[in-house]
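Given next are the chains, with one letter for each unit.
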Amino acid sequence: MRGWRGDRRRAARACACARARPVRIRPTLQLSGRTSLEALAEYRRQDYSGGTGLVLNAAGPRQDSMTTLSGAVNYEVSRKILLSATLRWDRRRSNYERFNYSARIVGVTGEIRY
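Residues numbered from 1 in each chain as written. Predicted model: local features only at pLDDT ≥ 70, side-chain atom pairs only at ≥ 80, totals over all residues. Heavy atoms only, no water.

### Overview of the pattern of salt bridges
Here's step 1: Under the defined criterion, the tally for this structure stands at seven salt bridges.
Here's step 2: Linking Glu42 and Arg24 is a salt bridge whose minimum nitrogen-to-oxygen distance equals 2.5 Å. In this pair, Glu42 is assigned in strand 3 (residues 35-49) and Arg24 in strand 1 (residues 17-25), connecting sequence segments 18 residues apart.
Here's step 3: Residue Arg24 is classed as partly exposed on the basis of its relative accessible area, which comes to 47%.
Here's step 4: When the shortest N-O distance is used, the salt bridge between Asp90 and Arg88 registers 3.0 Å.
Here's step 5: With relative accessibility at 11%, the residue Asp90 sits in the buried group.
Here's step 6: Residue class for Arg88 comes out partly exposed when judged on its relative accessible area of 35%.
Here's step 7: Salt bridges sharing common partners tie together Arg24, Glu42 and Arg44. (Salt bridge = Lys/Arg side-chain N within 4 Å of Asp/Glu carboxyl O. Helix = DSSP H or I, 4+ residues; strand = E, 2+ residues; numbered from the N terminus. Buried < 20%, exposed > 50% of the residue type's maximum accessible area, 1.4 Å probe, protein only.)

Here you go:
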């Protein structure tokens, strides 16, 4: 068992570790006592060091750039009930094609506070 734990630690050190450098803007506008608007614009560059676990290293270490844009409308029905509607767009571009990603997300949530 002792040898297995040592192998596990070595594997953990060799795995991909990421460093992210985000730039984020998140304004909120209170339209009325019960209604607010929220926006988010974020750009993040993520660099990975260590092995990717894939036999793809011809392009070097993996580097991703991620962009997120979202907007939300919040409405406070009462002091204990909050309703929200959200639109979100995410995109990831990587120097490895298989990690590219794009999504459009629509959400509606309800929150009950007690």
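### Concerning the packing of aromatic side chains
Here's step 1: The tally for this structure, following the rule as stated, stands at one aromatic pair.
Here's step 2: On the numbers, 6.5 Å between centres and 85 degrees between planes, the contact of Tyr96 with Phe99 is edge-to-face.
Here's step 3: Residue classification places Tyr96 among the buried positions, given a relative accessible area of 4%.
Here's step 4: Taking the ring centre of Tyr48 as reference, the NZ or CZ of Arg62 above it sits at 4.2 Å. (Phe/Tyr/Trp six-rings, centres within 6.5 Å; stacked < 30°, edge-to-face > 60°. Lys NZ or Arg CZ within 6 Å of the ring centre and 35° of its normal.)

Treat this as a map of the structure, not an account of what it does.
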